[in-house]
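# Structure assessment
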Amino acid sequence: MENKSSPRFPLLLRVSRYIRPIVGVIIAIFLAWQLYSVIVVQHNFSADTWVRFGLSGLILGGMYALIAIGYTLVYGIMFMINFAHGEVMMLGAFGGYFMLELLRFIPMPTSANPNLNFLNAYPIVSIILAFTAGISVSALAGYLLEKIAYRPLRKAPRLILLITAIGASIFLQNLAMLLFGPTRKNVINPDILDRGAGWTWMVSGNPVLIPYTGVFSLVLSALLMIGLYLVVQRSKLGRAMRAVAQDKNTASLMGVDVDDVISKTFIISGVLAGAAGVMWDIHMGLVNHYIGFLPGIKAFTAAVMGGIGNIPGAMLGGMFLGIIESIGPAALGIDFQLKDVIAFSILVLVLIVRPSGILGEKLSEEKL
Amino acid sequence: MLLSIENLQVYYGAIHALQGIHFSVEKGEIVALIGANGAGKSTTLNTISGILRPREGKISFDGQEIQQTPPQDIVRKGIIQVPEGRKIFGRMAVWENLEMGAYTQKDRAVIKRDVESVFDRFPRLRERRNQLSGTLSGGEQQMLAIARGLMAHPTLLLLDEPSMGLSPLLVEQIFDIIQDINEQGTSILLVEQNAQMALAIADRAYVLETGKIVMQGTGDDLLEDKSVIEAYLGGH
Ligand SMILES: Nc1ncnc2c1ncn2[C@@H]1O[C@H](COP(=O)(O)OP(=O)(O)O)[C@@H](O)[C@H]1O
Ligand SMILES: [Mg+2]
């Protein structure tokens, strides 16, 4: 069953038959030993530090989850890994960034504050506009990506689509560098979402800052995921998406315009990635052409972990990866610079040990 | 003439699957298309439905040529296919499959009424409305596939081997239902390997052999034809 369900990694799969249990046991022993020595023996970090790690992981995880949903939706419907999806998120981040910049340069002087700008005069409107801009850019990018790069290859072998996606990723990254320059840009939020501001929570006598930007991102991620879930499970479009994912020909026999549903799937993926991009702006505060790359691959990892094609799996995978990545270096007693390595180790491990993902299942009855 | 097919030529790459077939369905008829496995029956239905494009030939429905029309628009013209192997959406509940069948219907009230009326026809499905359709038995799945097709108010219903894999009792039941649907005004193009049953209910029938129509006549004529008996009815 598993062999059949994952023709994507035939070689890995064949090898894995022998090494799977061995790898599993070795890793379990290693992890247990590391966790024991770091947390119990060395006791390097106090409780508030762990809370801080967990919190930032949760916030990051929300963004990963939003991006991961895009991978999973597109995979579910087209059986392709849209490797340019991280770049879609990056373009959305630029959309949000330029909107915030624009609003910051619109003066709105009052007698009390002659230096007031639109951004701070109407912060909530500004944030909504920034999200609107970022989401629109990403939705458009996703739509065009499919229409221009992938649609002509609808009947081509999947490997070709994959290579095209990687090509599109490189292209979009370089396009952004060309258009916006290679330097990092600082994102300036409205004052109400100042990055240093937040609630203070006392944990074992030490203050832990719960940043407004983080709470804002997390709440928004949650709302968007609920919204997505409702769209997929309750709406007519969602039902058509599921039908197309299960069987394109039969869906078209119901009167579903398959191309249209695929377009809309890319648009929805783009909307979520764009929202994640603007959250990245607001919470992380830095944007350049490269910011989509790592979150993209990590979200892909999250999607694979959750069982690619599985929407709740992508959500959980994203949250889990964000938390693991934040807590992992400390818990394993390794350098914090290695946090990215954790994500990729997980990716490799999941592919070896359980390629169908932790919540793995097969969405499609159609074989390509 | 409701449906007329002229010189239909369909290829899969180099495979010449339909080699210039001609046939028609009149309003109110049940027309059977019988033939062995691989004769080209499903290819014919999929070409009518717009999933396959003919290299040559004409398909007219209600006086309009439709051989270039995409499948989703053919559905809107009233040609509904119940595909071979049922092809229900296994990860959806029974009621969701029915909703998919009514995809082109905008009016919620009509959908609601239609769901009730297919439940009246298939009481088993009413009991299982919330069940995942992939967990239904083969017979129930075939009922669901037909019910889903009816949700679209077909003018012409294309049925691809509805008796496949069912017990004789269920086959009997399915064919009764097909006749009943026809009596209520839906024209039917019935593809079958079960020639006996198909010919018994068909007004007219065509025999398809490796992409060509080799014989045609009324259902009763073909039932008595020697070569049909030998080839398709077990030779006695
Ligand atoms: N997707 C396909 N690709 C290539 N050949 C096909 C395909 N589908 C059907 N064929 C071939 O076309 C011929 C007719 O098939 P089909 O219409 O499915 O027959 P039937 O429904 O009468 O059993 C067969 O020779 C079959 O092998
Ligand atoms: Mg067939």
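Here the structure is a predicted model, which means the values were calculated and not measured.

As a further point, take the overall build of chain B. Helix and strand content of chain B: 10 helices and 10 strands. By the compact-globule yardstick of 18 Å for 236 residues, chain B fits well, its C-alpha radius of gyration being 17 Å. Referenced to the eigenvectors of the C-alpha coordinate spread, the extents of chain B come out at roughly 45 × 40 × 30 Å. The 236 residues of chain B split such that 55% are buried. The long-range share in chain B, meaning contacts at least 24 apart out of those at least 6 apart in sequence, stands at 66%. With the model as given, the accessible surface of chain B reaches about 10000 Å², and the carbon-plus-sulfur share is 48%. Across chain B, the centroid of the 23 positively charged side chains sits 9 Å from that of the 30 negatively charged ones.

Let's shift gears to the packing of helix 3 (residues 47-78) of chain A against helix 12 (residues 293-305) of chain A. Residues and elements named next belong to chain A. The interhelical angle for the contact between helix 3 and helix 12, taken along N-to-C directions, is 70°, at an axis separation of 8 Å. Overall, the two elements helix 3 and helix 12 adopt an arrangement that is roughly perpendicular. Crossing geometry of helix 3 relative to helix 12 is assigned as right-handed. The segment helix 3 lies against helix 12, with Tyr64, Ile67, Ala68, Tyr71 and Thr72 engaging Pro295, Gly296, Ile297, Lys298, Ala299, Phe300, Ala302 and Ala303. Taken together, the residues of the contact of helix 3 with helix 12 break down into 10 nonpolar, two polar and one charged.

Turning our attention to the packing of aromatic side chains. Applying the stated criterion to the full structure yields 14 aromatic pairs over all chains. When the centroid spacing of 6.1 Å and the interplanar angle of 75° are considered together, the rings of Trp50 of chain A and Phe53 of chain A count as edge-to-face. Within this pair, Trp50 of chain A and its partner Phe53 of chain A are both found in helix 3, separated by three residues, close to a single helical turn. Overall, Phe53 of chain A belongs to the buried group, its relative accessible area being 16%. Plain terms: the ring middles of Tyr150 of chain A and Phe266 of chain A are 5.8 Å apart, the flat faces sit at 50° to each other, and that makes the pair tilted. Highlighted residues: Tyr150 of chain A in helix 6 (residues 123-150) and Phe266 of chain A in helix 11 (residues 258-284), separated in sequence by 116 residues. Members of the aromatic cluster, each reached through a chain of ring pairs, are Phe94, Tyr97, Phe98 and Phe180 of chain A. Over the face of the ring belonging to Tyr103 of chain B we find Lys236 of chain A, whose NZ or CZ atom lies 4.8 Å from the ring centre. One residue, Arg55 of chain B, lies across the ring of Tyr11 of chain B, its end atom 3.7 Å from the ring centre.

Taken together, the protein ligands of the magnesium ion (ligand 2) are Ser42 of chain B (OG) and Glu84 of chain B (OE), with distances of 2.0 Å. One end of the pair, Ser42 of chain B, is in helix 1 (residues 41-48); the other, Glu84 of chain B, is in the loop between strand 6 (79-82) and helix 3 (94-101), with 42 residues separating them in the sequence.

A few words on the sheet that holds strand 2 (residues 15-25) of chain B. Residues and elements named next belong to chain B. The strand order 2-1-4-5 describes an open sheet built from four strands, whose pairing is antiparallel. For this open sheet the edge positions go to strand 2 and strand 5 (64-65), each flanked by a neighbour on one side alone. Strand direction decides the pairing type here: strand 1 (residues 3-12) and strand 2, joined by eight bridges, are antiparallel. Each bridged residue has a counterpart across the sheet, and for Gln9 the counterpart in strand 2 is Gln19.

Before going further, it helps to examine the nonpolar core. Counting 97 residues, the largest nonpolar core has Ile69, Ile77, Tyr150, Leu228 and Val256 of chain A together with Met100 of chain B as the members making the most contacts within it. Every residue in contact with Met100 of chain B, bar those within four places of it in the chain, is listed here: Arg239, Ala240, Ala243, Met254 and Val256 of chain A together with Phe89 and Met92 of chain B. Ile111, Val115, Ala147 and Val207 of chain B belong to the second largest nonpolar core, which has 46 residues in total.

Thresholds applied
- Residues numbered from 1 in each chain as written.
- Chains lettered and ligands numbered in written order.
- Predicted model: local features only at pLDDT ≥ 70, side-chain atom pairs only at ≥ 80, totals over all residues.
- Heavy atoms only, no water.
- Helix = DSSP H or I, 4+ residues; strand = E, 2+ residues; numbered from the N terminus.
- Rg over C-alpha atoms; globule rule 2.2 N^0.38 Å.
- Buried < 20%, exposed > 50% of the residue type's maximum accessible area, 1.4 Å probe, protein only.
- Contact = heavy atoms within 4.5 Å.
- Areas by Shrake-Rupley, 256 points an atom, 1.4 Å probe, with all protein chains shown as cover.
- Lys, Arg positive; Asp, Glu negative; His and termini not counted.
- Charge placed at Lys NZ, Arg CZ, Asp CG, Glu CD.
- Axes fitted to C-alpha atoms, helices over the stretch in contact; angles between N-to-C directions.
- Parallel < 35°, antiparallel > 145°, perpendicular 65-115°, else oblique.
- Left-handed = near helix turned anticlockwise from the far one by under 90°.
- Nonpolar A, V, L, I, M, F, W, Y, C, P; charged D, E, K, R; others polar.
- Phe/Tyr/Trp six-rings, centres within 6.5 Å; stacked < 30°, edge-to-face > 60°.
- Lys NZ or Arg CZ within 6 Å of the ring centre and 35° of its normal.
- Donors = N, O, S within 2.8 Å, 3.2 Å for Na, K, Ca; no water.
- Pairing = 2+ DSSP bridges.
- Core = buried A, V, L, I, M, F, W, Y, C linked by side-chain atoms within 4.5 Å.

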